[in-house]
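An overview of the molecular structure
Chain by chain, the residues run as shown.
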Amino acid sequence: MKTVRVEASGCYDVMIGSGILDQAGALLQKIMSPCRAAIITDDIVQGLFGSRVEKSLQAAGFKTEIFAFPNGEKQKTLQTLADALEWLAEIHLSRSDLVVALGGGVPGDLAGFAAAVYCRGVRFIQIPTTLLAAVDSSVGGKTAVDLKAGKNLAGAFHQPELVICDTDIMKNLPPELMRDGAAEMLKYGVLADAALFDRMADGSWLERMEETIAQCVEIKRDYVMQDELDNGARQFLNLGHTFGHAVEKCANFSITHGQGVGIGLVMAARAAGVEIERTEKGVSACGLPVKSPYSARELAEAALSDKKRRGGKITLVLPEKMGKCMLKTIPVEELPEYFAKGTGENP
Ligand code: GLY
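Residues numbered from 1 in each chain as written. Predicted model: local features only at pLDDT ≥ 70, side-chain atom pairs only at ≥ 80, totals over all residues. Heavy atoms only, no water.

Residues in close proximity to the ligand include Asp136, Lys142, Lys220, Arg234 and Leu237, which together make up its full environment. Lys142 is positioned such that a nitrogen or oxygen atom in its side chain is 2.9 Å from an oxygen atom of the ligand. Between Arg234 and the ligand, the recorded distance is 2.7 Å, taken from a side-chain N or O atom to an oxygen atom. Against a free-state accessible area of 190 Å², the protein chains account for coverage of 86% of the ligand. Residues belonging to the shell around the ligand are distributed by class as follows: one nonpolar, no polar and four charged. (Near = heavy atom within 4 Å. Polar contact = N/O pair within 3.5 Å; in protein donor to acceptor, adjacent residues only side chain to side chain. Areas by Shrake-Rupley, 256 points an atom, 1.4 Å probe, with all protein chains shown as cover. Nonpolar A, V, L, I, M, F, W, Y, C, P; charged D, E, K, R; others polar.)

Spelled out as structure tokens, the structure:
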């Protein structure tokens with residue numbers, strides 16, 4: 001098992017290892033006395049892992065309750081949040097109790113937000129069950145739901161007390177969920193570790209999953225610790241996301257986030273004019289698309305309504321070489337130019 005320590009406004013361990021889902025109770029008992037544990041998840045994850053988590057927590061003295069909402073990105077709404085909060089109130093969860101966020105990015109973000117606002121904040125832990133949640137959304141304390149106007153527009157920073165990532169779950173994911181996680185892992189490689197990128201590209205990460213997930217979490221941890229509230233260095237984690245999110249938006253979110261990030265990483269390489277072929281090969285080797293079906297103009301229009309825009313400026317993350325990137329803040333009027341480079345329309 002590998003442990004990555006995060007020291008932000010809350011300090012906690014991210015534990016990564018084989019079979020540790022069934023040790024959730026024992027791991028939790030090391031950092032808190034038994035209390036009531038309100039598990040928030042979706043119906044698919046409940047069926048797959050709910051009873052194992054409950055059994056493990058109960059064996060360690062925790063009293064469990066479980067709330068499951070229908071699976072899917074469309075459920076990440078204020079309504080589902082309200083349902084979860086009403087449920088927490090109905091079961092009389094107190095401020096000395098705990099919320100357990102069990103699942104992928106949707107249950108993780110939503111349960112985290114519920115924990116952030118219920119009774120003005122209760123403790124919570126993350127048990128990610130997708131690779132994307134393991135390497136990204138379960139770490140760093142961003143919690144949110146979507147609004148009609150856009151994704152993650154209502155949320156809070158609220159750090160978990162513990163993250164438990166069972167690599168046996170990650171090894172047995174459906175291919176689409178594996179690819180979505182791989183997109184974020186490739187991102188960490190482009191950002192901070194060329195060897196990590198190459199290991200993703202040649203597929204050897206699959207034999208070294210525990211170590212590779214831990215490396216990704218360490219990279220994310222370092223940005224979070226520099227800039228927990230996302231005003232500076234944490235923006236590096238948006239690499240591939242401004243471009244990718246525009247593709248997702250143009251596709252009306254019919255492509256996955258990982259697919260958007262895959263295309264976004266290649267567009268960022270093209271826009272910067274560095275490591276284009278290597279990036280394209282790595283993204284493609286992970287089963288992700290590399291080319292936007294939309295024009296630079298369509299994409300730039302979609303990106304201009306992105307929440308990452310601050311005033312008349314937008315900050316792009318551009319590679320300098322594999323494993324090193326820079327932040328470039330540009331006037332929004334220049335965005336179409338970068339999109340044109342990114343799609344290859346204007347090399
Ligand atoms: N997912 C990007 C961040 O946590 O900042």
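Before going further, it helps to spend a moment on the nonpolar core. Residues Val14, Leu57, Ile127, Leu131, Met170, Ile213 and Phe339 are the most contacted members of the largest nonpolar core, which totals 90 residues. What Ile127 contacts, discounting residues up to four positions off in sequence, is Leu21, Ala24, Val53, Val100, Ala101, Leu102, Gly103 and Ile164. Listed in part, the 24 residues of the second largest apolar core include Ala38, Ile40, Phe67 and Ala116. (Core = buried A, V, L, I, M, F, W, Y, C linked by side-chain atoms within 4.5 Å. Buried < 20%, exposed > 50% of the residue type's maximum accessible area, 1.4 Å probe, protein only. Contact = heavy atoms within 4.5 Å.)

Moving on to a nonpolar patch on the surface. Together, Leu78, Leu147 and Leu153 make up a nonpolar patch on the protein surface, roughly 230 Å² of accessible area in all. Position of Leu78 among the secondary structure elements: in helix α3 (residues 78–90). (Patch = residues over 30% accessible without salt bridge, like charges linked within 9 Å, V, L, I, M, F, W, Y side chains within 5 Å. Salt bridge = Lys/Arg side-chain N within 4 Å of Asp/Glu carboxyl O. Helix = DSSP H or I, 4+ residues; strand = E, 2+ residues; numbered from the N terminus.)

With six of seven residues buried, strand β3 (residues 36–42) lies mostly within the body of the structure. Where β3 meets strand β4 (residues 63–69), seven bridges bridge the pair, whose relative direction is parallel. Along β4, the bridge assignment pairs Asp42 with Phe69. Between the parallel elements β3 and β4, the chain passes through helix α2 (residues 43–59) in a crossover that is right-handed. Sheet topology note: the β3/strand β5 (residues 98–103) ladder contains four bridges and is parallel. Each residue of the ladder has a partner; that of Ala37, found in β5, is Leu98. (Pairing = 2+ DSSP bridges. Right-handed = clockwise from strand over helix to strand, strands pointing away.)

Listed in full, the buried residues belonging to helix α13 (residues 296–303) are Ala296, Leu299, Ala300, Ala302 and Ala303. The arc that holds every buried residue of α13, seen down its axis, measures 160°, which confines them to one face. Turned more than 90 degrees from where α13 packs its buried face, Arg297 and Glu301 sit exposed. Where α13 is buried, its residues touch α10 (241–250), α11 (257–272), β10 (313–321) and α14 (335–343). (Arc of directions from axis to C-beta.)

Everything listed here is a matter of coordinates, which is why it stays silent on function.
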